[in-house]
Amino acid sequence: MACCSSTEIEKHLLPARPITFAEQFWVEHSTWLESVGYRLRARYQPNRPPPQPLTLTEALFDPDEVAMYGSIMDGIRISDNEPVMLKTVSRITHPQEVRIGLYFSNKDMASDPRNHCVPIYDVFPVPNIEMDIIVMPVLRPFDNPEFDTVGEVIAFIQQLFEGIQFMHEHLVAHSDCTAMNIMMDGSRMYPKGWSSLDPSQARDNPFRAAKRAGFRMQFWPKYYLIDFGLSHMYSNKGTVPHWKGY
């Protein structure tokens, strides 16, 4: 049996991905977010026309077809057209997350090179809900791209321990220092940026790969600890337990 050609495959249209229940929050708050300076993708605009069927290429690569799940959402800061990441934080479930994030983002803390906590650009209380939205930079997974030398791995571990120690010096335990909560500022390695949805894709063209300028040892990145949902800030050293882990 002869296989279909790529042209024939493209003729078969696929249904567009519907808005999920988890995404509905962002649709409902899209207009409000724009009023405070942040724009979401067309997918989350409340007056978006019904999505049309897609070709296979559009279904695979069109960024507007990428659904976001959980508490994270990509967006654009309207003032300078820069990509950002937005995160919803429940004040009931994670009462200290915003406080800790802002504490390490203040001017004095941010100027300390040992501080490896993700910077918080903005915080907005969501109207009529016990929830805040925090605004953060777009980062890359710490191991994307993969490490090329032992020296790069050592530099990563040094920064990680430095960041944890810095938090402990300020009486904060991260309590969830797993691989998924360690990110990297790769802006020097990728001066033209990358897609907020897929670090392998170019920022301005999902059909092209993100262009890497060089290795870590040429453009040393800074690594960041994110997600303070399980973190805890203690009032004095006497209340800090002896942690066996990070």
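What you are looking at is a predicted structure, and each value in this text was computed from that prediction instead of being measured. (Residues numbered from 1 in each chain as written. Predicted model: local features only at pLDDT ≥ 70, side-chain atom pairs only at ≥ 80, totals over all residues. Heavy atoms only, no water.)

1. Let's talk about helix 6 (residues 150–169)
Okay, step 1: With 20 residues, helix 6 extends 29 Å from end C-alpha to end C-alpha; this agrees with the ideal 28 Å at 1.5 Å per step.
Okay, step 2: Buried within helix 6 we find Glu152, Ala155, Phe156, Gln159, Leu160, Gly163, Ile164, Phe166 and Met167. Considered in projection along helix 6, the buried side chains sweep an arc of 165° and stay on one side of the axis. Exposed and facing more than 90 degrees away from the buried side of helix 6 are Val150 and Gln158.
Okay, step 3: Looking at the buried side of helix 6, the elements it contacts are helix 4 (97–105), helix 5 (107–110), strand 7 (172–173), strand 8 (182–185) and strand 9 (222–225).
Okay, step 4: Following helix 6 by one or two positions, leucine 171 has its phi on the positive side, about 60°. (Helix = DSSP H or I, 4+ residues; strand = E, 2+ residues; numbered from the N terminus. Expected span 1.5 Å × (residues − 1). Buried < 20%, exposed > 50% of the residue type's maximum accessible area, 1.4 Å probe, protein only. Arc of directions from axis to C-beta. Contact = heavy atoms within 4.5 Å.)

2. Details of helix 4
Okay, step 1: Within helix 4, the full set of buried residues consists of Glu97, Val98, Ile100, Gly101, Phe104 and Ser105. Down the axis of helix 4, the sector holding all buried residues measures 165°, keeping them to one side.

3. Considering the side chain of arginine 140
Okay, step 1: Along the polypeptide, arginine 140 turns up in strand 6 (residues 140–141).
Okay, step 2: Within the local environment of arginine 140, its side chain forms a polar contact with the side chain of asparagine 144, the two groups lying 2.7 Å apart.
Okay, step 3: Here arginine 140 is in contact with Pro145, Met183, Met184, Gly186, Tyr190, Trp194 and Pro199, once residues within four sequence places are set aside. (Polar contact = N/O pair within 3.5 Å; in protein donor to acceptor, adjacent residues only side chain to side chain.)

4. A short note on the pairing of strand 5 (residues 131–137)
Okay, step 1: Most of strand 5 is tucked away, with seven of its seven residues classed as buried.
Okay, step 2: The sheet contact formed by strand 3 (residues 82–90) and strand 5 spans seven bridges and is antiparallel. Residue pairing across strands places serine 90 opposite methionine 131, the latter belonging to strand 5.
Okay, step 3: Linking two consecutive strands that pair antiparallel, namely strand 4 (residues 122–125) and strand 5, is a turn of five residues; a positive phi of about 65° is found at asparagine 128 within it. (Pairing = 2+ DSSP bridges.)

5. Describing the sheet that holds strand 3
Okay, step 1: What the five strands build is an open sheet, ordered 1-2-3-5-4; its pairing is antiparallel. Two strands lie at the open edges of the sheet, namely strand 1 (38–39) and strand 4, each paired on one side alone.
Okay, step 2: Helix 2 (residues 21–35) contacts strand 1, strand 2 (72–77), strand 3, strand 4 and strand 5 of the sheet and is inclined by roughly 70° relative to strand 5.
Okay, step 3: Together, strand 3, strand 4 and strand 5 form the strand contacts of helix 4, whose direction differs from that of strand 3 by roughly 140°. (Axes fitted to C-alpha atoms, helices over the stretch in contact; angles between N-to-C directions.)

6. Focus: the packing of aromatic side chains
Okay, step 1: This structure, assessed with the given rule, holds nine aromatic pairs.
Okay, step 2: Residues phenylalanine 104 and phenylalanine 166 carry aromatic rings whose centres are separated by 6.0 Å and whose planes lie at 55° to one another, so their mutual orientation is tilted. Here phenylalanine 104, found in helix 4, pairs with phenylalanine 166, found in helix 6; they are 62 residues apart in sequence, far enough to count as distant.
Okay, step 3: Centre to centre, the rings of phenylalanine 147 and phenylalanine 156 are 5.6 Å apart; their planes meet at 45°, and the pair counts as tilted.
Okay, step 4: Residue class for phenylalanine 147 comes out partly exposed when judged on its relative accessible area of 23%.
Okay, step 5: A network of ring pairs unites the aromatic residues Phe142, Phe147, Phe156 and Tyr223 as a single cluster.
Okay, step 6: Against the face of tyrosine 190 rests arginine 140, its NZ or CZ located 4.0 Å from the ring centre.
Okay, step 7: The side chain of arginine 216 reaches across the aromatic face of phenylalanine 147, ending 4.2 Å from its centre. (Phe/Tyr/Trp six-rings, centres within 6.5 Å; stacked < 30°, edge-to-face > 60°. Lys NZ or Arg CZ within 6 Å of the ring centre and 35° of its normal.)

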